[in-house]
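# Structural description and commentary
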Amino acid sequence: MPQNGPPAENPDATPGRPPASPPPITPPPITPSPTETPRPVPIPDPGVDPDEPPAVPSGKFGTPGRPLRRNSFLIGFTGAVGVLLAYTLYLGVRNAGGILVLVVIALFLAVGLNPAVVRLRRWKLPHGLAVAVVALTVVLLLCGGVVALVPPIVTQSGQFIDQIPSLVEDLRRNPTVNDLVERYDVMERVQSAANAQTVGRALGGVLGGAQLIFGTVFRTLTVLVLTIYFLAYFNRLRSLGYALVPRSRRERVQLIGDEILAKVGAYMVGALSIAVLAGATTFVFALIVGLPYPFALAVVVAVTDLIPQIGATLGAVVVSLVGFATSLPVGIACVVFFLIYQQVENYLIYPKVMRRSVEVNEVAALLAALLGVALLGVVGALIAIPTVAALQLILREVVLPRQETR
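### A short note on the packing of aromatic side chains
The way to describe two aromatic rings as a pair is by their centre distance and the angle between their planes. A complete count under the given rule lists 6 aromatic pairs for this structure. Both rings, one in Phe108 and one in Tyr267, keep their centres 6.5 Å apart while their planes meet at 55°; by these two values the pair is tilted. Taken as a pair, Phe108 in helix H2 (residues 97-122) and Tyr267 in helix H8 (residues 247-289) lie far apart in primary sequence, 159 residues in all. Taken as a pair, Phe108 and Tyr267 share a single burial class, namely buried. Ring centres of Phe285 and Phe337 lie 4.1 Å apart, and the angle between their planes is 5°; on these two criteria the pair is classed as stacked.

Shown next, in the form of C-alpha cells:
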C-alpha cells in the first residue's frame, strides 16, 4: 500500500520566499497591412512623354535616348515628307502608266485564258504543256490576223501610188480644175510651201509613223510575253494574293475571288464566241456579194466586235466603206446587212451569252463601257463589264449583308 508522506520540496524554491509567478505575455507589434501604407505619388517629368515606353539597354551601343517630343515642327515636317512621297508616287505611276496598262491587259488575258489551261489539265496534260498549247494558239491567231490584214494594205497602197501620175494627168486635162488652179495660184502656193520646214515636217511624220509601228509591235510582244508568264505562274500568284489576307477571312475571300475569276473567264469566252460568229457571218456575206479581201474584212469585224457597245459599229463602217468603193449596190447591201445583224446580235445573241456568263444588267454594262472608254480608252471598254460583274458580286455578298446586320 502507498504511504502518505510529506509533499516533495521544489528544489528552486527558496526557504522563506513565495513562489515565482510566470512572466507576462507581451502581444506582438501590430504592423500595418500593405494596403494601408500610402503609396508615393510619382511626379511626372515635364520633358518626358508618359505614353512612351522607358528606354532599355540595347547592348554594346549603350542605352538609347527617349524619342523626340511631339512638337509642331516635327508634326509639320512629317506631314510634308508624306505629301512629298505621295506626289513622287503619283509621278511614278503617271510615268509608268503605259507599262501598267500593258500589265493590266496581260493579267486580263491570263485570267481569260486560264480556263483553257484548266481544261487541258483535265485532259491529263502537264501544266507547262497546257500553257504552251494555249500560247501557241494565241500566237497563231495573231499571225493569221497579220497575214490577213497586211497584204491588202500593202497592195492597195502600192496601187494608189502607181495611180497617182494618171490621177494628176486627169486633173490637168480637166478645164474646171485648170481654171481653179490659175484663179487661186495653186502652183505658186505649192512651190512656196515646199521648203525645208515642210520637208522636215514630212520626214517627222514618216519617222513618227515608223515609231508608231515599232511601238505597236513592241507593246504587242510585251503583252504576249507577260500573258505567258502570268499563265505559267497563275496558281502561285493567286495563292500569294490569298495569303496576304488574314487567316480568319481567307476562306471567304478565296471563294469570292475564285467566283470573280470565273466570271472574267466566262466573259472572255463569251466575247470571243460572239466575235468569231460576227467574223464568220461577215466572211460569208463578203463572198456572196463579191467584196474584195473577204477574210481580211472578217478579221477586222471580229477584232472590232471585241470592243463592247461601239466595236460592231466600227467594223460595219469599215466594211460598208469598202462596199461603196466597190459599187453603190454593194455598199447599200453592206449597210442593210449590218443593220439587221447588229439588231440580232444586240437583242438576241449578246444578252443571252452575257447573261449566262457574267449576269450584268444592260444599263450597268452600257455605263461601264462608256466610263471605261473615257478613262482608259479601248482597254477600259474591254475590262469594264468584268469589273462591273466583280463589283456586283462584292456588293451582293459582302456590302449588303453587312448593312443588314447593323
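### Regarding a nonpolar patch on the surface
Nonpolar side chains collect at one region of the surface, where Phe324, Leu328, Ile332, Val335, Val336, Leu339, Ile340, Val344, Tyr347 and Leu348 lie side by side and expose about 960 Å² of accessible area between them. For the nonpolar patch, the element with the most residues is helix H11 (residues 328-357), which contributes 9 residues. Locating Leu339 in the fold gives a position in helix H11. Here Leu339 falls in the exposed class, since its relative accessible area comes to 52%.

### Considering the pattern of salt bridges
Tallied over the entire structure, the rule returns 2 salt bridges. Put simply, Arg238 and Asp258 hold a salt bridge, and the shortest N to O gap is 3.9 Å. One end of the pair, Arg238, is in helix H7 (residues 234-243); the other, Asp258, is in helix H8, and 20 residues separate them in sequence. Asp258 sits in the partly exposed class, given a relative accessible area of 28%.

### A look at the environment of Val269
Tracing the chain through its elements places Val269 in helix H8. C-alpha of Val269 to C-alpha of Ala116: the two residues are 153 residues apart in sequence and 9.4 Å apart in space.

### A closer look at the nonpolar core
Counting 13 residues, the largest nonpolar core has Leu291, Val301, Val319, Cys334, Phe337 and Phe338 as its most contacted members. Listing elements by their share of this core, those giving two or more residues are H8, helix H9 (294-304), helix H10 (311-326) and H11. With 5 residues, the single largest contributor to this core is H11. Not counting the four nearest positions on each side in its chain, Cys334 is found in contact with Phe285, Leu291, Val319, Ser320 and Gly323.

### What about the side chain of Gln342?
Locating Gln342 in the fold gives a position in helix H11. We classify Gln342 as buried; its relative accessible area is 15%. Reaching out from Gln342, the side chain makes a polar contact with the backbone oxygen of Ala312 at a distance of 3.1 Å. Setting aside residues no more than four positions away along its own chain, Gln342 makes contact with Ala312, Thr313 and Ala316.

### Thoughts on H2
With 26 residues, H2 should reach 38 Å at 1.5 Å per residue; the first-to-last C-alpha distance of 38 Å fits that figure. Along H2, the helix axis deviates most sharply at Leu113, where the bend reaches about 35°; the proline Pro115 sits within four residues downstream. Regarding H2, the residues found buried are Leu102, Ala106, Phe108, Ala110, Val111, Gly112, Leu113, Asn114, Val117 and Leu120. In the stretch just after H2, Lys124 is the one whose phi turns positive, near 70°.

Rules of the game
Residues numbered from 1 in each chain as written. Predicted model: local features only at pLDDT ≥ 70, side-chain atom pairs only at ≥ 80, totals over all residues. Heavy atoms only, no water. Phe/Tyr/Trp six-rings, centres within 6.5 Å; stacked < 30°, edge-to-face > 60°. Helix = DSSP H or I, 4+ residues; strand = E, 2+ residues; numbered from the N terminus. Buried < 20%, exposed > 50% of the residue type's maximum accessible area, 1.4 Å probe, protein only. Patch = residues over 30% accessible without salt bridge, like charges linked within 9 Å, V, L, I, M, F, W, Y side chains within 5 Å. Areas by Shrake-Rupley, 256 points an atom, 1.4 Å probe, with all protein chains shown as cover. Salt bridge = Lys/Arg side-chain N within 4 Å of Asp/Glu carboxyl O. Core = buried A, V, L, I, M, F, W, Y, C linked by side-chain atoms within 4.5 Å. Contact = heavy atoms within 4.5 Å. Polar contact = N/O pair within 3.5 Å; in protein donor to acceptor, adjacent residues only side chain to side chain. Expected span 1.5 Å × (residues − 1). Bend = angle between axes of the 7 residues up to and from the residue.

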